[in-house]
Amino acid sequence: MPSTSLELGPSAAPIRLAVEPGPEALGRRVAGLLLAALRDRALGLSQRPLGLATGRTMEPVYAALRQALAALPAGERTELLAHWRSFNLDEYVGLGPADPRSFAATMAAALGEPLGLAPAQLCLPDGLTADPEAEAHRYAAAITDAGGLGLQLLGLGSNGHVGFNEPPCGPQAACRCVLLAAATRQQNAPGFGDDPAAVPERAITVGLKELLEAERLVLVVSGGAKAEILRRVLREPPSPELPASWLRRHPRLQVLADAEAAALL
Ligand code: GLP
């Protein structure tokens, strides 16, 4: 389906929007963007690492990316994977890669192991750190050392968060340790035996500051449950109550949604 522009009013820049019929088609489209970004890195057109996200929205994306990579000639696939470097958005404080509920374990299962990536190619904040604030600073510095984020993939929280930038959150918020909102612990409870109280209380997240400094932003939203929050994020004036609304300040924001998520735009 072709991309369209979402007009937000006379003073605001239009937002690039693409709508696909369902999550699988959406996943294939986003995987195509990731593949193109990997090619740019392999060709030396961009030095910046990928910014990756976890969450159910990304499952069909990573499945389609695995498929697309598997369909390439072996030489090209090896070349693209040799140049892979990515930084994930966030990690729960208290969970390490050995815990299947950690984002580190999720990424290893979705991409690291099937693609044969070395741990140093797939970076996440260390959830087992004794000092989460220091770890957040270290992680932000590692992103800066890598040249800043390139293509940044983003899901949307049901309360308007991106990464774990919980409301209220302004556009200057940098990589840090945060307390998770009740709505987020509720949203992520399915990964914790459907018990919101079992979801860790804190997380380390890349901030809106680093996100707004990325080369480009790709916000991916699927399902009818996100339709109203997506409408608010794109249509209401940017505000701390809707952290994802600040993404509209980025000159290269692209929104990709499935038909259900885009129904109210
Ligand atoms: C989570 C993560 C985000 C994710 C978002 C959407 O809490 N911290 O990085 O993109 O919320 O999750 P889902 O795709 O499962 O709806």
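Residues numbered from 1 in each chain as written. Predicted model: local features only at pLDDT ≥ 70, side-chain atom pairs only at ≥ 80, totals over all residues. Heavy atoms only, no water.

Novice: Account for the site of the ligand, naming residues and giving values.
Specialist: Lining the immediate environment of the ligand, one finds 14 residues, of which Arg-56, Thr-57, Asp-90, Asn-188 and Lys-226 sit closest. Here an oxygen atom of the ligand and a backbone polar atom of Thr-54 are 3.4 Å apart. Here Gln-187 contributes a side-chain N or O atom positioned 3.1 Å from an oxygen atom of the ligand. Contact with the protein chains covers 96% of the free accessible surface of the ligand, which is 390 Å². Because more than half of its atoms lie within 2 Å of the grid, the ligand is assigned to the largest pocket. Taken together, the residues of the shell around the ligand break down into 3 nonpolar, 8 polar and 3 charged. (Near = heavy atom within 4 Å. Polar contact = N/O pair within 3.5 Å; in protein donor to acceptor, adjacent residues only side chain to side chain. Areas by Shrake-Rupley, 256 points an atom, 1.4 Å probe, with all protein chains shown as cover. 1 Å grid on protein atoms, 1.4 Å probe; cavity = no way out; pocket = protein on both sides within 12 Å on 5 of 7 lines; lining within 4 Å. Sits in = over half its atoms within 2 Å of the grid points. Nonpolar A, V, L, I, M, F, W, Y, C, P; charged D, E, K, R; others polar.)

Novice: Quick one: what's the story with the layout of surface pockets, residue by residue and with numbers?
Specialist: Taken as a whole, the largest pocket spans an internal volume of roughly 750 Å³. Around the largest pocket sit 34 residues that line it, and Thr-54, Gly-55, Arg-56, Phe-103 and Asn-188 are the ones nearest its centre. Of all the elements in the fold, those that place two or more residues in the lining of the largest pocket are helix 2 (59-70), strand 5 (90-92) and helix 4 (103-115). When the residues that make up the lining of the largest pocket are grouped by side-chain class, the tally is 14 nonpolar, 14 polar and 6 charged. (Points joined across faces, edges and corners; volume = space filled by probe spheres on them. Helix = DSSP H or I, 4+ residues; strand = E, 2+ residues; numbered from the N terminus.)

Novice: Please provide a residue-by-residue account of the state of the cysteines, values included.
Specialist: On inspection of all chains with the given rule, the structure shows 0 disulfides. The thiol sulfur of Cys-123 is not disulfide-bonded, and the nearest other cysteine sulfur, from Cys-175, lies at 12 Å. Residue Cys-175 stays outside any disulfide, its sulfur separated by 9.8 Å from that of Cys-177, the closest cysteine. (Disulfide = S-S within 2.5 Å.)

Novice: If you had to explain the sheet that holds strand 9 (residues 202-205) to someone new, which residues and values would you point to?
Specialist: Pairing in this open sheet of 3 strands is antiparallel, and the strands run 5-9-8 from one edge to the other. Edge positions in the sheet fall to strand 5 and strand 8 (176-179), since each has one partner strand and no second. Across the sheet, the axes of successive neighbouring strands diverge by a mean angle of 25°, strand direction being ignored. Relative to strand 9, strand 5 runs antiparallel, the two sharing 3 bridges. Along strand 9, the bridge assignment pairs Glu-91 with Ile-204. Along the sheet, helix 5 (residues 132-145) contacts strand 8 and strand 9; its crossing angle with strand 8, the most-contacted strand, is approximately 130°. (Pairing = 2+ DSSP bridges. Axes fitted to C-alpha atoms, helices over the stretch in contact; angles between N-to-C directions. Contact = heavy atoms within 4.5 Å.)

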